[in-house]
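# Secondary and tertiary structure notes
Single-letter residue listing:
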Amino acid sequence: MHFELKFGRVLLAAGTLSVALAIGGCASTPDPSDEAAVQAYNEANDPLEPMNRYFFEVNHFLDEVIVKPFAGYYHTALPQFAQDSVRNVVRNLHSPTILANDLFQGGFNRAGDTSSRFLINSTLGVGGLIDVADMFGIKYHDEDFGQTLGYYGSGEGPYLMLPVLGPSNPRDLTGKLVDYALDPLTWVGYIYNVGWINTVRGGLEGLDTRARNMQAIEELQKGSVDFYATIRSLYRQHRNDAIRNGEDPNDALSGITNDIPADGEDAPTVMLTPAKTQTDGEPQVSEAN
Amino acid sequence: MHNRRTFLMTAVAAAAFLTTPAFAAADLSAFVNEVADEAITTLGKAGPSDPERAAALKPILLKYFDMPGMARHVLGAYWKKISAEQQQAFVGQFTNYIASVYGQRFKAYKGQKLEVKRVRDQGATATVFTAVAEGSEDAGARVDWEIKNDGSAPLVADIRVEGLSLSDTHRQEFTSVLSQHNGDITALMGILKNKSLVN
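Residues numbered from 1 in each chain as written. Chains lettered and ligands numbered in written order. Predicted model: local features only at pLDDT ≥ 70, side-chain atom pairs only at ≥ 80, totals over all residues. Heavy atoms only, no water.

### Quick word on the overall build of chain B
- When helices and strands are counted, chain B shows seven helices and five strands.
- Reading chain B from its N end, one meets helices and strands in the order α-α-α-α-α-β-β-β-β-β-α-α.
- Taken across its 199 residues, chain B has 49% of its residues classed as buried.
- When contacts within chain B are restricted to residue pairs at least 6 apart in sequence, those whose partners lie at least 24 apart make up 55%.
- When the accessible surface of chain B is totalled, it reaches about 9,600 Å², and 59% of it is carbon and sulfur. (Helix = DSSP H or I, 4+ residues; strand = E, 2+ residues; numbered from the N terminus. Buried < 20%, exposed > 50% of the residue type's maximum accessible area, 1.4 Å probe, protein only. Contact = heavy atoms within 4.5 Å. Areas by Shrake-Rupley, 256 points an atom, 1.4 Å probe, with all protein chains shown as cover.)

Have a look at this one:
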C-alpha cells in the first residue's frame, strides 16, 4: 500500500516534471554562427538550463532555510564520533545495493570488500555504528546503478537539476530508481509498513554530507563566478571519476582543445568519456619513490 | 646488413632524442614536491588575511604554473575571439583571481602531506599522481598534477583533486558567463576583478 502510494507520487512528480519541461521549453540555443557560444553550449550539455537554473535556485533556497541551519546544529551539537556513527550506519545500510552493483560490474574483489564490511560492521561494529572493517584495512567504497550503467558505456544524457534531490542526469536518475527497487530497505519499509526508515536514512545522509562539507561549499560559492555552472561541472567530473573508480583519466589532457570544430555538433567535450584502461606501450608508467 | 644496422641505430638514437624529456621521472616527482613544499611554507608564513594569502600565492603561480596555458584553456573557443592585448590582460586577471580563490582555500590546510605514487611521463606532458599521506582525515585523497614539460623547466598545467580538475571546472564557469554576456570578455574581466584580492 505504502509502496504504491510512493510510486504514485513518483509518477506524479515525473508528470509534473514533463509538464514543466513542455512549458519551460528548451534553452535558447546559441546563434549557429557564433562558434564559441556553440562550443560552450555543447560542452555544457544542458539544453534544459533555464528550468535547471530555476530548480537550482529553489534548492538553494531550501538549503539556506532548512538544510544548512540543521546541518549547522548537527555539526556543533553532535561530537565527532556521533557524526561518524551516523555516517557508518547509513553506509552500512547501503551495503546491499553497493554489493549488487559491485557484482553487476564484475568487481569480485570489491564485492568481497563490501560483503566483509557488511558482516564485520553489522556484528563487531554493533549494527554498523562503528566502522571496524576500516580499522582492519577494508576501506569503504561507493557504487550505484548509475555508475553501473556508465561502466557499460551508457551516456549520461543532458544535465538535470532535480527539485530537492539535486544534480543528476537521465542515466543517474534511472540508476536511483533501480537502486531504490534493489534496496532491501525499500521492501522492509513496504512489508512492515515502516517506509519512514528510507526517508530517515536519506535525510540523515543528506544532513551528514552537508555538515561535513559546510566550509568547502561556502568557499566554493564565494570563489565561483557562476555557481550553477561550477556545480554542474563538479557533478559531472565526480560521476565520471566514480564510474572509473578513481582510475586516472588517461586522456584528460588530449581531450583539452581550443579548436573550434567546423561542425558544432561535434564540439569537443572535456572529460565526458570515462577513460579507457591503459593501452600497452603508449604512456610510460614509472614508479616513483 | 651494415646499412640496416646503421638505420636501426639512427632510428634508436632519434627516438631516444625525441622522447628524452627535459626532466626525467624522478625529477618530476621532485618538482611536484618542490611546488607543494614551497606553497605550504610560503602560505604558512603568510598573514592570516585573505589578501595576504593571495599575495603569497601569486609568485608561486607565476613561477611554477603554466598560467597562459591555463588561461587559454579556461576560455575555450572564446580565447581565439579576443585580441592579443585582451588575451594578455586576461592571463594577468586570471592569475590574480586564482591566487585569491586558492589562497583562501589553503586555510583548510592542516599539515597534510602529499606522497608521490607514480609518474606517467609522456615527454612533452606528464602526470604526477600523488595522494595525501596517512595520519590525517583526508589520507588517501588523490591529487594529480598535469605537467607541461616542453620548455626549459616543467610547469604545472592542471591539478585534479579526487578527479575534479581545476581548469575544467573554471572553463565551465567562464564559458557560461561569457555566453550569457554575448562573448564580452570585459564583462568576465570585471567579475574576476571583483573577486580578486591582489593586483
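After presenting the structure, the write-up continues.
### What to know about the pairing of strand 3 (residues 142-148) of chain B
All names here are of chain B.
- Of all the seven residues making up strand 3, five are buried; the element is thus mostly covered by neighbouring parts of the structure.
- As paired elements, strand 2 (residues 125-132) and strand 3 share seven bridges and run antiparallel to each other. Residue pairing for strand 3: A126 is matched across the bridge by I147.
- Of the strand pairs in this sheet, strand 3 and strand 4 (residues 155-161) are connected by six bridges, and their pairing is antiparallel. Counted as the bridge partner of E146 is D158 from strand 4.
- From the end of strand 3 to the start of strand 4, which pair antiparallel, there are six residues. (Pairing = 2+ DSSP bridges.)

### Notes on the nonpolar core
- If you look at the biggest cluster of nonpolar residues, it comprises 54 residues, and the most contacted ones within it are F90 and W145 of chain B.
- When residues in this core are grouped by element, the largest group, eight residues, is from helix 5 (residues 84-105) of chain B.
- Contacts of W145 of chain B, omitting those with residues within four sequence positions, involve V32, V35, A36, L114, A126, T127, V128, T130, V156, D158 and I159 of chain B.
- Counting 14 residues, the second-largest nonpolar core is a separate cluster that includes L48, L160, F227 and Y228 of chain A. (Core = buried A, V, L, I, M, F, W, Y, C linked by side-chain atoms within 4.5 Å.)

### Things to note about helix 3 (residues 50-64) of chain B
- For helix 3 of chain B, spanning 15 residues, the distance from its first C-alpha to its last is 21 Å, which sits close to the expected 21 Å at 1.5 Å a residue.
- Residues D50, R53, A54, A56, L57, K58, I60, L61 and Y64 of chain B constitute the buried set of helix 3 of chain B. (Expected span 1.5 Å × (residues − 1).)

### Quick word on the environment of S33 of chain A
All names here are of chain A.
- Tracing the sequence through the fold places S33 in the loop between helix 1 (2-24) and helix 2 (35-44).
- Judged by its relative accessible area of 53%, S33 falls in the exposed class.
- A polar side-chain atom of S33 sits 3.0 Å from a polar atom in the side chain of D31. (Polar contact = N/O pair within 3.5 Å; in protein donor to acceptor, adjacent residues only side chain to side chain.)

### Quick word on the pattern of salt bridges
- The final tally for this structure, using the stated rule, is 29 salt bridges over all chains.
- In this structure, D183 of chain A and R201 of chain A form a salt bridge, with 2.5 Å as the shortest nitrogen-oxygen distance. With D183 of chain A in the loop between helix 8 (170-182) and helix 9 (184-191) and R201 of chain A in helix 10 (residues 196-212), the pair connects residues that are 18 residues apart, well separated along the chain. A single burial state applies to D183 of chain A and to R201 of chain A, both of which are buried.
- Among the salt bridges present, the one from K63 of chain B reaches E38 of chain B, with a minimum N-O distance of 3.5 Å. (Salt bridge = Lys/Arg side-chain N within 4 Å of Asp/Glu carboxyl O.)

### A short note on unusual backbone geometry
- The phi dihedral of N193 of chain A is positive, around 55 degrees, even though this residue is not glycine.
- Its identity as a non-glycine residue notwithstanding, N245 of chain A has a phi of 50 degrees, on the positive side.

### Some points on the side chain of N121 of chain A
Residues and elements named next belong to chain A.
- Mapping N121 onto the fold places it in helix 5 (residues 108-123).
- Taking the relative accessible area as the measure of exposure, N121 reaches 4% and is therefore buried.
- Here the side chain of N121 touches D131 through a polar contact of 3.0 Å, side chain to side chain.
- Residues contacting N121, with those up to four places away along its chain left out, are N92, V126, G127, G128, I130, D131, V132 and A133.

### Some thoughts on the confidence of the model for chain B
Residue and element names in this part refer to chain B.
- On average, residues of chain B score 87 in pLDDT, and 87% of them are at 70 or above.
- Summarising per-element confidence for chain B, the mean pLDDT is lowest in helix 1 (residues 2-19) (51) and highest in helix 4 (residues 67-74) (96).
- Low pLDDT (under 50) marks residues 16-21, which in the prediction has three contacts with non-local residues, meaning those over four places away or in another chain. (pLDDT = per-residue confidence, 0-100.)

### Things to note about the packing of aromatic side chains
Residue and element names in this part refer to chain A.
- Inspection of the entire model under this criterion finds 14 aromatic pairs over all chains.
- Ring centres of F104 and F145 lie 5.8 Å apart, and the angle between their planes is 85 degrees; on these two criteria the pair is classed as edge-to-face. Residue F104 is found in helix 4 (residues 80-104), and its partner F145 is found in helix 7 (residues 145-151); the two are separated by 41 residues along the sequence.
- On the basis of relative accessible area, F104 is assigned to the partly exposed category, the value being 38%.
- Exposure remark for F145: the relative accessible area of 17% places this residue in the buried category.
- Three or more aromatic residues link up through ring pairs in this structure, and these residues are F56, Y159, F227, Y228 and Y235.
- Over the aromatic face of Y140 sits the side chain of R91, whose NZ or CZ is 3.9 Å from the ring centroid. (Phe/Tyr/Trp six-rings, centres within 6.5 Å; stacked < 30°, edge-to-face > 60°. Lys NZ or Arg CZ within 6 Å of the ring centre and 35° of its normal.)

### Things to note about helix 2 of chain A
- Within helix 2 of chain A, seven of the ten residues are buried, which leaves the element mostly enclosed by the surrounding structure.
- In this fold, the buried residues of helix 2 of chain A make contact with helix 12 (227-243) of chain A together with helix 6 (166-180) of chain B.

### Here we look at the side chain of S168 of chain A
Residue and element names in this part refer to chain A.
- Mapped onto the elements, S168 comes out in strand 2 (residues 166-168).
- In terms of polar contacts, S168 uses its side chain to reach the backbone amide nitrogen of L173, at 3.4 Å.
- Setting aside anything within four residues of it in sequence, one finds S168 in contact with Y159, L160, L162, L173 and Y235.

### Remarks on the packing of helix 5 of chain B against helix 7 (residues 185-195) of chain B
Residues and elements named next belong to chain B.
- Running from N to C, helix 5 and helix 7 point in directions that differ by 30 degrees, and their axes come no closer than 9 Å. If you check the angle between helix 5 and helix 7, you find them roughly parallel. The handedness of the crossing between helix 5 and helix 7 is left-handed. From helix 5, Q86, A89, F90, Q93, Y97 and S100 reach across to helix 7, where they touch I185, L188, M189, L192, K193 and K195. (Axes fitted to C-alpha atoms, helices over the stretch in contact; angles between N-to-C directions. Parallel < 35°, antiparallel > 145°, perpendicular 65-115°, else oblique. Left-handed = near helix turned anticlockwise from the far one by under 90°.)

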